[in-house]
Each structure stands twice: as C-alpha cells, then as structure tokens.
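Next come the chains, spelled out residue by residue.
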Amino acid sequence: MSDKAAVSYAYIDRMREGDYYRATQLSRQMLERFGDVMRHHEMMLVINMRRENIAAALENCNELIEYGQRNGFAVSEHEVNRAALLRRLEKTRGFLAHGLW
C-alpha cells in the first residue's frame, strides 16, 4: 500500500471483518515500511484486546509507554489502559488459580 492512511483504512476494514491475521500483517507493515512504532503497537493492542489476549495487550501497552516516554510522546492514556489490563489479568489469574483448587 502506498501510504500510512491506506494501511490504516485497510486495517480498520480487516478488524471490522474479524480478519485478525491480515490486520496483524498490516500492523507489521506500519512498523516495517513506515517505521511508525507507536501506531504499530496501538494496532496490535486493539488486535490483542479483541482476541482477549490480555498478556499480549499488556506487553503492547508497556511498549507504547516505554517508547512514548523515550521519545517525548504523551502516554497517560496508555498508563490508564495498562492499569486496567493489570486489574483484568489479576482477576483472570486469580480465577484460574481458584479453579485449579
């Protein structure tokens, strides 16, 4: 695809269709072709949330915060998201541990 906007629109279309594999490829293209680290991790965060992969989504949040702080971007929204993901992960882990007993 020729520009970042085209990739973003294609990503939105793939997400709407539930084609997470193709959406992941477009996210990777955003990183490799355009070098947009923030947008790549934001796209992956959404994919991982939709797939309910909380641990991977948390990793994306951490990457967003680390990269944003290092490069002077606002990260407060991502810090709020990280806190929510941590709470959800704690509940999930607690539930799973309780279920094992």
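Being a predicted model, the structure only gives us computed values, none of them experimental. Per chain, residues are indexed from 1 in the order of the written sequence. Thresholds applied to this predicted model are a pLDDT of at least 70 for local features of residues and 80 or more for the giving and counting of side-chain atom pairs; totals over whole chains, interfaces and linings are not thresholded and use all residues. By convention in this description, side-chain values take in all heavy atoms of the structure and omit both hydrogens and water.

Colleague: So what's going on with the packing of helix H1 (residues 4-17) against helix H3 (residues 37-50)? Residues and values would help.
Modeller: Remark: H1 packs on H3, axes separated minimally by 12 Å, with the N-to-C direction vectors making an angle of 5°. By the angle between their axes, H1 is roughly parallel relative to H3. Contacts between H1 and H3 involve Ser-8, Tyr-11 and Met-15 from the former and Arg-39, Met-43, Val-46, Ile-47 and Arg-50 from the latter. Inter-axis angles, ranging from 0 to 180 degrees, are taken between N-to-C directions of lines fitted to C-alpha atoms, where helices are fitted over the stretch in contact. The way it works is that DSSP assigns letters per residue, a run of H or I at least four long becomes a helix, a run of E at least two long becomes a strand, and they are numbered from the N terminus. The cut-offs work like this: below 35 degrees is roughly parallel, past 145 is roughly antiparallel, 65 to 115 is roughly perpendicular, and the gaps in between are oblique. Here, residues are in contact when the closest pair of their heavy atoms is within 4.5 Å.

Colleague: Can you break down unusual backbone geometry residue by residue, with the values?
Modeller: Within the chain, Glu-52 stands out as a residue other than glycine whose phi angle is a positive 60°. As for its position among the elements, Glu-52 is in the loop between H3 and helix H4 (54-71). Between buried and exposed lies partly exposed: a residue is buried under 20% and exposed over 50% of the maximum accessible area for its type, with that area taken using a 1.4 Å probe on protein chains only. Judged by relative accessible area, which is 58%, Glu-52 ranks as exposed.

Colleague: Run through the confidence of the model for the protein chain, naming residues and quoting values.
Modeller: Low pLDDT marks regions whose predicted coordinates should not be analysed in detail. Confidence scores here are pLDDT values: one per residue, from the predictor, ranging 0 to 100. The predicted model of the protein chain averages 91 in pLDDT, with 91% of residues at 70 or higher. Least confident of the elements in the protein chain is helix H5 (residues 76-100), whose mean pLDDT is 81; most confident is helix H2 (residues 20-32), at 97.

Colleague: I'd like to hear about H4, residue by residue, with values.
Modeller: With 18 residues, H4 should reach 26 Å at 1.5 Å per residue; the first-to-last C-alpha distance of 25 Å fits that figure. Residues Ile-54, Ala-57, Leu-58, Asn-60, Cys-61, Leu-64, Ile-65 and Gly-68 constitute the buried set of H4. The arc enclosing the buried residues of H4, seen along the axis, measures out at 160°, which places them on a common side. For H4, the exposed residues lying more than 90 degrees away from the buried face are Glu-59 and Arg-70. One or two steps after H4, the chain reaches Gly-72, where phi turns positive at roughly 80°. Helix span, as expected, comes to 1.5 Å for every residue beyond the first. In this description, the arc belongs to the directions extending from the helix axis to the C-beta atoms.

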